[in-house]
There are 2 protein chains.
Amino acid sequence: MTKSQPSGVKDRILKAAKELFISKGFAGTSIRDIASASDSNVAHVKYYFQSKANLFEIIFDEAFDILINRVSATITSDLPFEEMIERWITTYFELLPHYPQIPMFVLSEINHSPDALVDKIARKNPEKIFNRLSERMEEEIKKGTIRPVPVFDLGLNILSLCMFPFMFSGFATRTVGIPRSEYNALVANHKQHVVDFVLRALKP
Amino acid sequence: MTKSQPSGVKDRILKAAKELFISKGFAGTSIRDIASASDSNVAHVKYYFQSKANLFEIIFDEAFDILINRVSATITSDLPFEEMIERWITTYFELLPHYPQIPMFVLSEINHSPDALVDKIARKNPEKIFNRLSERMEEEIKKGTIRPVPVFDLGLNILSLCMFPFMFSGFATRTVGIPRSEYNALVANHKQHVVDFVLRALKP
DNA sequence: GTCTATAGCGGGATAGAC
DNA sequence: GTCTATCCCGCTATAGAC
């Protein structure tokens, strides 16, 4: 049946849109760019996705899911605290090399977006993860297994150490001049260092 | 003399351009936006700044200077190593609250910019700072005053911990829903925590 | 220096032929 | 489903009156 076959064109558009939106942003990408990069035309894009904003939302939601939701399972797991922290960090450092531009894309587009779009995201993604993390940390501090570090500071440090290296890659490669392959290797090696860094800093 | 008086219009345009470019990016900002936000018109903007790209470059260069060059004095200073690290971190946490959107602006626009612009920046800002930092760290490691941490990993961690909190503020306030004033207070308080975190993690 | 008018292009969206 | 043609708008840039 023609209806259930993937059209091919639709997938190509989605792929091209992903690359362009993620590397050049919403405002820096036009439907015409997407059409020519996917070897189709403007009418195809409009036919399958109605509007630029609608297509963008599909790409953005997937990116947001990768950056935030896929990691939440680790944080809400019942692993012992130190292992949970280690898993949290390693999960990011194993996931993000496949999507190195996602952290910059998501955080940057949230800054550029009008309130309407951001509100939609906020509604879909409540603070459950953050609350759960908060509970876990408070327990451990009470037990004395880690030194008393405010939840906000530890959480922000971990996110900083996991996401920033990927957000910095454009600067490192394009401005400082480190070859991309070399930077990627350095970041891959950075994972264990971040784990050590965090666990050492948490020792009572 | 009329020539040496600030025109007023020119300054208003610069101010409006700064706000718009920094919050909405190059592609998301039009000359018309800048003209109306500065209570002037398109011709004024063109008269004083010739082109959108030229005006952008002025704003970008200043932002780049704030983010990178103003801190370099600390790194190249002759302070004892631990004090230098502490000064480096505190300098960022004292400077960036005045320019909270600068880290995201600079790193994001570098990703979006064509090679031509990025090359210009790279030429102006060689890797001197990075080399100097590298020397300092290697000395300390040889002396045994800090544990042997690769230069790249420590440098990247410090940049991560100092810049990311500001890059994350849009997410925290708009998606997680933390009020901006509260987030700012948390980040202000975060400074000493980052210093402790880094120094603890460096202990031999 | 200031401002209007407009050129010339590229943007998103739409209509309708096939 | 596919594709061309086109509308209408906003964009940067320019010319030239005052």
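Owing to the predicted nature of the structure, the values given are computational and were not obtained by experimental measurement. Residue indices begin from 1 for each chain and proceed along its sequence in written order. To label them, take the chains in the order written and letter them from A, then take the ligands in the order written and number them from 1. Residues qualify for local features only when their pLDDT is at least 70, as the model is predicted, and side-chain atom pairs are given and counted only at 80 or more; totals for whole chains, interfaces and linings, by contrast, use all residues. Excluding hydrogens and water, the side-chain figures rest on all heavy atoms present in the structure.

### Focus on the nonpolar core
What counts is decided by this rule: Definition used in this section: a nonpolar core is a set of buried Ala, Val, Leu, Ile, Met, Phe, Trp, Tyr and Cys residues joined via side-chain atoms within 4.5 Å. For every residue, the accessible area (1.4 Å probe, protein chains only) is compared with the maximum for its type, and the residue is labelled buried under 20%, exposed over 50%, or partly exposed between those bounds. Under the scheme used here, helices are H or I runs from DSSP no shorter than 4 residues and strands are E runs no shorter than 2 residues, and both carry numbers assigned from the N terminus.
Among the nonpolar cores identified, the biggest contains 134 residues, and Val-198 of chain A together with Val-198 of chain B are the most heavily contacted of them. In terms of residue count, the dominant contributor to this core is helix H9 (residues 151–167) of chain A (12 residues).

### Focus: the packing of aromatic side chains
Definition in use: Each aromatic pair joins two rings of Phe, Tyr and Trp (for Trp, the six-membered one) with centres within 6.5 Å, and gets the label stacked for planes under 30 degrees apart, edge-to-face for over 60, and tilted for any other angle. For a Lys NZ or an Arg CZ to count as sitting over a ring, it must be within 6 Å of the ring centre and within 35 degrees of the ring normal.
Applying the stated criterion across every chain, the model contains 27 aromatic pairs over all chains. Aromatic pair Phe-171 of chain A and Phe-64 of chain B: ring centres 5.8 Å apart, planes at 20°, arrangement stacked. Within this pair, whereas Phe-171 of chain A is found in helix H10 (residues 169–176), its partner Phe-64 of chain B is found in helix H4 (residues 52–75), the two belonging to separate chains. Note on accessibility: Phe-171 of chain A and Phe-64 of chain B belong to one class, buried. Above the ring of Phe-26 of chain A, the side-chain terminus of Lys-52 of chain A is found at 4.3 Å from the ring centroid.

### Looking at the packing of helix H1 (residues 9–24) of chain A against helix H3 (residues 42–49) of chain A
Residue and element names in this part refer to chain A. This is how it is decided: The angle between two axes is taken between their N-to-C directions and runs from 0 to 180 degrees, where each axis is a line fitted to C-alpha atoms and a helix contributes only its stretch in contact. By the definition adopted for this analysis, an angle is roughly parallel if under 35 degrees, roughly antiparallel if over 145, roughly perpendicular if from 65 to 115, and oblique otherwise. Note on contacts: a residue pair is in contact if any heavy atoms of the two residues lie within 4.5 Å. Each residue gets one label: Ala, Val, Leu, Ile, Met, Phe, Trp, Tyr, Cys and Pro are nonpolar, Asp, Glu, Lys and Arg are charged, and the others, such as Gly, are polar.
Taken N-terminus to C-terminus, the directions of H1 and H3 make an angle of 95°; their axes are 10 Å apart at the nearest point. Taken together, the axes of H1 and H3 are roughly perpendicular relative to one another. In contact with Val-9, Lys-10, Ile-13 and Leu-14 of H1, H3 contributes His-44, Val-45, Tyr-48 and Phe-49. Across the contact of H1 with H3, the residue classes break down as six nonpolar, one polar and one charged.

### As for the protein's contact with DNA strand C
Note the threshold: In these notes, residues near a molecule or strand are those with any non-hydrogen atom within 4 Å of it. What qualifies as a polar contact is a pair of N or O atoms within 3.5 Å, subject to a donor-acceptor requirement within protein and to the restriction that residues adjacent in sequence count only when both atoms come from side chains.
Around DNA strand C, the surrounding shell consists of Thr-29, Ser-30, Ile-31, Arg-32, Lys-46, Ser-51 and Lys-52 of chain A together with Asn-41, Ala-43, His-44, Tyr-47 and Tyr-48 of chain B. Among the atoms of DNA strand C lying within 4 Å of the protein, the sugar-phosphate backbone contributes 63%. Between DNA strand C and Arg-32 of chain A, the relevant distance is 2.7 Å, taken from a base nitrogen to a side-chain nitrogen or oxygen of the residue. Elements represented by at least two residues in the surface near DNA strand C include exactly helix H2 (31–37) of chain A together with helix H3 (42–49) of chain B. Partitioning the surface near DNA strand C into residue classes produces four nonpolar, five polar and three charged.

### So, the environment of Ala-16 of chain A
All names here are of chain A. Inspection of the secondary structure assignment puts Ala-16 in helix H1. Of the residues examined, Ala-16 reaches a relative accessible area of 8% and is grouped as buried. Spatially, the C-alpha atom of Ala-16 lies 15 Å from that of Ile-102, the residues being 86 residues apart in sequence. Excluding residues that lie within four positions of it along the chain, Ala-16 makes contacts with Ile-34, Ala-37 and Ser-38.

### Concerning the domain arrangement of chain A
Residues and elements named next belong to chain A. Which entries qualify depends on this criterion: The source of the domain bounds is an automatic or database domain assignment. A quick way to say it: buried area is the sum, across both parts, of accessible area lost when two parts are put together, with a 1.4 Å probe.
Domains assigned within chain A are domain 1 (1–50) and domain 2 (53–202). Averaged C-alpha coordinates put domain 1 and domain 2 at centres separated by 29 Å. Contact residues are listed per partner, giving 13 residues for domain 1 and 11 residues for domain 2. Summing both partners gives a buried area of about 1000 Å² for domain 1 against domain 2, and 76% of it is carried by carbon and sulfur.

### Thoughts on the relation of the copies chain B and chain A
The criterion, for reference: Alignment of copies: least-squares fit on C-alpha atoms of residues with pLDDT of at least 70 in both copies.
Relative to chain A, chain B is turned by 180° and slid 0.0 Å along the rotation axis, the superposed coordinates differing by an RMSD of 0.0 Å. Accordingly, the operation relating the two chain copies is best matched by a two-fold axis. Mapped onto chain A, 100% of the interface residues of chain B are again interface residues, and the two copies thus contact each other with one and the same surface.

### Some thoughts on the pattern of salt bridges
Just so we agree on the cut-off: Here a salt bridge means any side-chain nitrogen of Lys or Arg lying within 4 Å of a carboxyl oxygen belonging to Asp or Glu.
Using the criterion set out here, one finds 18 salt bridges over all chains in the structure. One salt-bridge network, in which partners are shared between bridges, spans Asp-78, Arg-132 and Glu-135 of chain A.

### A short note on the side chain of Asp-153 of chain B
Inspection of the secondary structure puts Asp-153 of chain B in helix H9 (residues 151–167). A distance of 2.6 Å separates a polar atom in the side chain of Asp-153 of chain B from a polar atom in the side chain of His-190 of chain A. Residues contacting Asp-153 of chain B, with those up to four places away along its chain left out, are Asn-189, His-190 and His-193 of chain A.

### Some words on the side chain of Ser-38 of chain A
Residues and elements named next belong to chain A. Here Ser-38 is to be found in the loop between H2 and H3. For Ser-38, a relative accessible area of 2% corresponds to the buried category. There is a polar contact of 3.1 Å between the side chain of Ser-38 and the backbone oxygen of Ala-35.

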